[in-house]
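# Architecture and fold: a report
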Protein chains: 2
Amino acid sequence: MRPKLTDVAEKAGCSPTTVSRVINNYGYISQKTRDRVYAAMRELNYQPNTLARSLQGKQTKMIGVIMPSITNPFFAELVAAIEDKLEADGYKMLLCDVGQDSNKERRYLRMLEANQVDGIIAGSHNLGIEEYQRHGLPIVSFDRDLSDQVPIVTSDNYQGGCLATQALVDAGCGHVYFVGNLVKTGNPTSRRFDGYADTVAAAGLTVHTARSAFYESPAAKARELRELLTSGRKIDGVFCSDDLTAILLLKEARKLGIRVPEDLKIVGFDGTQLVQNYVPELATVVQPVPDLAGTLVKLLYERIADPEKKLAQNSYLLPVKLLRNQTV
Amino acid sequence: MRPKLTDVAEKAGCSPTTVSRVINNYGYISQKTRDRVYAAMRELNYQPNTLARSLQGKQTKMIGVIMPSITNPFFAELVAAIEDKLEADGYKMLLCDVGQDSNKERRYLRMLEANQVDGIIAGSHNLGIEEYQRHGLPIVSFDRDLSDQVPIVTSDNYQGGCLATQALVDAGCGHVYFVGNLVKTGNPTSRRFDGYADTVAAAGLTVHTARSAFYESPAAKARELRELLTSGRKIDGVFCSDDLTAILLLKEARKLGIRVPEDLKIVGFDGTQLVQNYVPELATVVQPVPDLAGTLVKLLYERIADPEKKLAQNSYLLPVKLLRNQTV
């Protein structure tokens, strides 16, 4: 049975009014009482009924957006697009930029709960689904499988991997490398590698990989890419699973006197406006940022309107497109 | 005399409790009543007493951050640094990405008031100070003079203009152009031009300018830069008032076969981590993003703790540094 507000009050040894005030952050409550109420809520796994609150006009019109980091242009453009849509609908965005810091993400989840946001858009990858579910808020996930009851929105990463690799094969490459994250996380972004692997196999070529982790420093990545290019291995095409890594590869190749695209062809992934504007020579797979933002926001509104509603569809895969520029 | 909450209630024809509920966004209030209370607040220029609220434990621990756009890497890195500091102190950030849209900025100010954020960090340039003051929230400004009672934090733009221009003069340039915003807005960023102008004058050179507006599209900017480079005018050095424009200039020069730095030397401004990492050849003036964020946040806390306190100092000018890279 679902715990009630009165159960929390009993457990915390205070009145239901006090619990309600803690939840709605109204009136003076001592930190000690506040802590006791939160502890009781956690212990009972109490989930404030969002639908009921919204019917009582208690919506806060605030959405928590949890993302890796807006210092990455892709996430900056995605967050800006989400913010713009939310604002147009009268919502405000609490931005939670959590990087790789799972403690920060945990603190944010507790704060979002305390401030009673109406829902969460979750795009970071540090915490497990249990920690998200404990807070009982409507959630939509970007680029990550959380659970059957959390809708996930993502680009068609597999299609993107295929398009990028096929462009390299079509341009005559016989030794095509994949450079990106090789750890099998089960996240949808791993599908970029799958698309690459299936495409080289279909072309009768061999899979070659070089690791480049998302959170490594650009200097460390550049060093690894230089090592790859000077290793003596035959490489005439590279699919980088993100544009920033592709830019580093392009720079290292130029420094080594390797001509792009004559000697080496490169295709990246993400296709932000920033990269399209300032590195227009880079061929890349463009993620549909406005559609991703629009879908995330629309699905979240549906979850807020009816958090218990069975999902017709759990996963939303949006099409990507290839930009054929000079590097291929 | 300062209007009181009871004055607002009388004007709006409702009880003080209702006014308090509207201000604190608590309980069910009809939209009609809400509108009437806001109208009365505006008419009386009523400013909720933040100090009193905070003594009553009514802090919301939310800060509104109003900025042009996080799709610009400089603002993305500044906002990320502000968010990180706020979170460490138990505050949450409502991000208001307003671009050039003064209506959006106005809507946000009203929403921030209704949600009773504890304070605002304002870095956008669309609205006048009256509109900000009307809302009576503690404010700290980035890069913009709002009023004597609003602390302003900015990089030492004049020093930056001098450093960049002197580097070009020292490298032997005799025809040094300034490319950037030429509209005299009275904003601190105009000081970049002043530093440029004084430095070329001191070197016995002539002031040359070419306009490049912040909000122009990169394609339009690139076209103007190409026109400048092919105009037949003598140009051997350019100080661009932002790095993104400098990157476009570098690209256009390369396309035209103009060698950088042999034939043309370029210095930019901003020096984000992104540009340092991915365009490491660009000489630039680095704004101290972590210090800017830390100073903005610290000053805002002081305003929140005592909104009426006379400021010892209105303007905070933080030092910049020159990165001498290959383009100079």
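Since this is a predicted model, take the numbers as computed values, not measurements.

## A word on the overall build of chain A
- A tally of helices and strands in chain A yields 13 helices and twelve strands.
- The buried share of chain A, reckoned over its 328 residues, is 56%.
- Across chain A, every contact between residues at least 6 apart in sequence was considered, and the portion connecting residues at least 24 apart equals 71%.
- Accessible surface, chain A as shown: approximately 13,400 Å² in total, 50% of it carbon and sulfur.

## Considering the packing of aromatic side chains
All names here are of chain A.
- One pass over the full model with this rule turns up 16 aromatic pairs over all chains.
- Here the aromatic rings of phenylalanine 178 and phenylalanine 239 are separated by 5.7 Å at their centres, their planes lie at 70 degrees, and the arrangement is edge-to-face. Remark: phenylalanine 239 occurs in strand β8 (residues 237–240) and phenylalanine 178 occurs in strand β6 (residues 176–180); sequence separation between them is 61 residues. Like phenylalanine 178, the residue phenylalanine 239 is buried in the burial classification.
- Taken together, the ring pairs connect Phe178, Phe193, Tyr196, Phe239 and Phe269 into an aromatic cluster.

## Re the environment of lysine 255 of chain B
- Within the secondary structure, lysine 255 of chain B is located in helix α11 (residues 243–255).
- Each C-alpha atom, one on lysine 255 of chain B and one on leucine 300 of chain B, is 47 Å from the other, the two residues being 45 residues apart in sequence.

## Section: unusual backbone geometry
Residues and elements named next belong to chain A.
- Cis geometry is adopted by the peptide bond preceding proline 261, which originates at valine 260 and carries an omega value of 10 degrees.
- Positive phi, normally seen in glycine, also occurs at aspartate 270, with a value near 130 degrees.
- Its location among the elements puts aspartate 270 in strand β9 (residues 265–270).
- Judged by relative accessible area, which is 11%, aspartate 270 ranks as buried.

## Quick word on the sheet that holds strand β9 (residues 265–270) of chain B
Residues and elements named next belong to chain B.
- Taking strand neighbours across the sheet as the criterion, the six strands line up as β7-β6-β8-β9-β10-β12 in an open arrangement whose pairing is mixed. Edge positions in the sheet fall to β7 (208–211) and β12 (321–323), since each has one partner strand and no second. Along the sheet, successive strands turn relative to each other by an average axial angle of 20 degrees, direction set aside.
- Here four bridges tie β9 to strand β10 (residues 283–286), and the two strands are oriented parallel to one another. Across the sheet, the residue bridging to aspartate 270 is valine 286, located in β10.
- Against the sheet, helix α9 (residues 191–202) engages β6 (176–180), β7, β8 (237–240) and β9, with an angle of about 175 degrees to β6.

## A word on the sheet that holds β6 of chain A
All names here are of chain A.
- Taken in spatial order, the six strands make up an open sheet running β7-β6-β8-β9-β10-β12, and their pairing is mixed. The open sheet has two edge strands with one neighbour each: β7 (208–211) and β12 (321–323). Strand-to-strand twist in this sheet, taken as the mean axis angle between neighbours without regard to direction, amounts to 20 degrees.
- Two elements, strand β10 (residues 283–286) and β12, share three bridges in a ladder whose sense is antiparallel. Paired with valine 285 across the strands is leucine 322, a residue of β12.
- Where helix α8 (residues 157–170) meets the sheet, it contacts β6, β8, β9, β10 and β12, and its direction lies at approximately 165 degrees from that of β9.
- Contacting β6, β8, β9 and β10, helix α11 (residues 243–255) runs over the sheet at an angle of about 155 degrees to β9.

## Topic: the interface of chain A and chain B
- Taken together, the contact pairs 43 residues of chain A with 44 residues of chain B.
- For the pair chain A and chain B, the summed buried surface comes to about 3,800 Å²; carbon and sulfur atoms form 62% of the total.
- In this assembly, chain A and chain B are joined by eight salt bridges.
- Among the ionic pairs, glutamate 281 of chain A bridges to lysine 251 of chain B, the shortest N-O distance being 3.3 Å.
- If you look at where chain A meets chain B, you find 16 residue pairs in polar contact (both at pLDDT 80 or more).
- Looking at the side of chain A that touches chain B, the elements that each hand over two or more residues are α5 (73–88), β2 (92–97), α6 (102–115), α11 and α12 (273–278) of chain A.
- It is α5 of chain A that contributes the most residues to the side of chain A that touches chain B, eight residues altogether.

## Quick notes on the side chain of glutamate 252 of chain A
- Here glutamate 252 of chain A lies in helix α11.
- The contacts of glutamate 252 of chain A, once residues within four sequence positions are left out, are Ala222, Leu225, Arg226 and Leu229 of chain A.

## Some details on the packing of helix α1 (residues 5–12) of chain A against helix α3 (residues 31–44) of chain A
All names here are of chain A.
- As a packed pair, α1 and α3 sit with axes 9 Å apart at the nearest point and diverge in direction by 120 degrees. One finds that α1 runs oblique with respect to α3. At the point where α1 passes α3, the crossing takes the right-handed sense. Counting all contacts with α1, which are made through Asp7, Val8, Lys11 and Ala12, the residues of α3 involved are Arg36, Val37, Ala40, Met41, Glu43 and Leu44.
- For the contact of α1 with α3, the class distribution of residues is six nonpolar, no polar and four charged.

## Quick look at empty space enclosed by the protein
- Scanning the model with the defined rule gives five cavities of 30 Å³ or more in all.
- Here the largest cavity defines a volume of roughly 310 Å³.
- Lining the largest cavity are 20 residues, and of these Tyr278 and Val279 of chain A together with Ile247, Tyr278 and Val279 of chain B sit closest to its centre.
- Of all the secondary structure elements, the ones that give two or more residues to the lining of the largest cavity are α11 and α12 of chain A together with α11 and α12 (273–278) of chain B.

## Side note on the pattern of salt bridges
- The full count for this structure, using the stated rule, is 24 salt bridges over all chains.
- Where arginine 254 of chain A meets glutamate 281 of chain A, a salt bridge forms, and the shortest distance between an N and an O atom there is 3.3 Å. Within this pair, whereas arginine 254 of chain A is found in helix α11, its partner glutamate 281 of chain A is found in the loop between α12 and β10, the two being separated by 27 residues in sequence.
- Classification of glutamate 281 of chain A by relative accessible area gives buried; the value is 11%.
- The partner of glutamate 216 of chain B in a salt bridge is arginine 211 of chain B, and the shortest N-O contact between them spans 3.7 Å.
- Take arginine 211 of chain B: its relative accessible area is 44%, and that puts it in the partly exposed class.

## Concerning the domain arrangement of chain A
- Domain annotation for chain A reports domain 1 (5–48), domain 2 (62–155 + 289–318) and domain 3 (157–288).
- Once you take the C-alpha centre of each, domain 1 of chain A and domain 2 of chain A turn out to be 25 Å apart.

Conventions used here
Position numbers for residues count from 1 along each chain, tracking the sequence in the order it is written. Chains and ligands are labelled sequentially in the order written, the chains with letters from A and the ligands with numbers from 1. Per-residue local features are limited, in this predicted model, to residues with pLDDT of at least 70; the limit for side-chain atom pairs, both in listing and counting, is 80 or more; totals at the level of whole chains, interfaces and linings are taken over all residues. In computing side-chain properties, one takes all heavy atoms of the structure into account and sets aside hydrogens as well as water. Secondary structure follows DSSP: runs of H or I at least 4 residues long count as helices, runs of E at least 2 residues long count as strands, and numbering of each begins at the N terminus. Burial classes follow relative accessibility: with a 1.4 Å probe on protein chains only, a residue under 20% of its type's maximum area counts as buried, one over 50% as exposed, and anything between as partly exposed. In this analysis, two residues are considered to be in contact whenever any of their non-hydrogen atoms come within 4.5 Å of each other. Surface exposure here means Shrake-Rupley accessible area, sampled with a 1.4 Å probe, where a residue is shielded only by the protein chains that are shown. Planes of paired rings set the category: under 30 degrees apart is stacked, over 60 is edge-to-face and the rest tilted, where pairs are Phe, Tyr or Trp rings (Trp by its six-membered ring) whose centres lie within 6.5 Å. For two strands to be treated as a pair, DSSP must find no fewer than two bridges joining them. All axes are obtained by fitting lines to C-alpha atoms, using only the stretch in contact for helices, and the reported angles, taken between N-to-C directions, cover 0 to 180 degrees. A quick way to say it: buried area is the sum, across both parts, of accessible area lost when two parts are put together, with a 1.4 Å probe. A pairing counts as a salt bridge when a side-chain nitrogen of Lys or Arg comes within 4 Å of a carboxyl oxygen of Asp or Glu. Identification of polar contacts relies on pairs of N or O atoms within 3.5 Å, with a donor-acceptor requirement for protein atoms, meaning one able to donate a hydrogen and the other able to accept it, and with residues adjacent in sequence counted only if both atoms are side-chain atoms. Just so you know how the angles are binned, under 35 degrees is roughly parallel, over 145 roughly antiparallel, 65 to 115 roughly perpendicular, and the rest oblique. Left-handed describes a crossing in which the near helix is turned anticlockwise from the far one by less than a right angle; the clockwise case is right-handed. Throughout, the ten residues Ala, Val, Leu, Ile, Met, Phe, Trp, Tyr, Cys and Pro are labelled nonpolar, Asp, Glu, Lys and Arg are labelled charged, and all others, Gly among them, are labelled polar. Space inside and on the surface of the protein is sampled on a 1 Å grid over the protein atoms alone, with a cavity defined as a set of points where a 1.4 Å probe fits but cannot get out and a pocket as an open set with protein on both sides within 12 Å along at least 5 of 7 lines; lining residues have an atom within 4 Å of a point. Grid points are joined across faces, edges and corners, and a volume is the space filled by probe spheres set on the points. The domain limits used here are those given by an automatic or database domain assignment.

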